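Working through the structure, step by step
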Amino acid sequence: CSLAGAYHLGKNYAKAIQVAGSRKKTVDYGYSICLRVLADSYSAQNNAVETKKYMQEYLALTDSFKEKNIFTFRDRERFQKELENMK
């Protein structure tokens, strides 16, 4: 998912979505990066439906983590705020 993140940072959102979307679903930090990239890339493309879907998946997955790092806390807070604004 680091590759997908690099594509997102390079503003190649279609490639970021392709790479992140092809990753097998797992319950780990690595997959959470893919979900974040998917949410952010769809958001950059103004696709609210997919953005919301992946933000919610990210929040559900990371909620199950016993330990959360600073990036997880930051992204969870950001996604929660953005989802509130979508209502």
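Residues numbered from 1 in each chain as written. Predicted model: local features only at pLDDT ≥ 70, side-chain atom pairs only at ≥ 80, totals over all residues. Heavy atoms only, no water.

Some thoughts on the overall build of the chain
- Counting secondary structure elements, the chain contains five helices and zero strands.
- Its helices and strands taken in sequence order, the chain reads α-α-α-α-α from the N to the C terminus.
- Its C-alpha radius of gyration of 12 Å places the chain within 12% of the 12 Å reference for a compact globule of 87 residues.
- Projecting the C-alpha coordinates of the chain onto the three principal axes gives extents of approximately 30 × 30 × 20 Å.
- Buried residues in the chain amount to 37% of all 87 residues. (Helix = DSSP H or I, 4+ residues; strand = E, 2+ residues; numbered from the N terminus. Rg over C-alpha atoms; globule rule 2.2 N^0.38 Å. Buried < 20%, exposed > 50% of the residue type's maximum accessible area, 1.4 Å probe, protein only.)

Considering the packing of aromatic side chains
- Under the counting rule described, the total for this entry stands at two aromatic pairs.
- Between Y42 and Y54, the aromatic rings sit 5.8 Å apart at their centres with planes inclined by 5 degrees, giving stacked as the arrangement. You can see Y42 sitting in helix 3 (residues 29-44) and its partner Y54 sitting in helix 4 (residues 48-63), a full twelve residues away along the chain.
- Residue class for Y42 comes out buried when judged on its relative accessible area of 15%.
- On the basis of an interplanar angle of 85 degrees and a centroid distance of 5.2 Å, the ring pair of Y58 and F79 is categorised as edge-to-face. Highlighted residues: Y58 in helix 4 and F79 in helix 5 (residues 70-86), separated in sequence by 21 residues. The pair Y58 / F79 is uniform in exposure class, with both members buried. (Phe/Tyr/Trp six-rings, centres within 6.5 Å; stacked < 30°, edge-to-face > 60°.)

Points about the packing of helix 3 against helix 5
- Running from amino to carboxyl end, helix 3 crosses helix 5 at an angle of 35 degrees, the nearest separation of the two axes being 12 Å. When the axes of helix 3 and helix 5 are compared, the crossing they make is left-handed. Residues Y29, R36, A39 and D40 of helix 3 touch helix 5, and the partners they reach there are F71, T72, D75, R78 and F79.
- For the contact of helix 3 with helix 5, the class distribution of residues is four nonpolar, one polar and four charged. (Axes fitted to C-alpha atoms, helices over the stretch in contact; angles between N-to-C directions. Left-handed = near helix turned anticlockwise from the far one by under 90°. Contact = heavy atoms within 4.5 Å. Nonpolar A, V, L, I, M, F, W, Y, C, P; charged D, E, K, R; others polar.)

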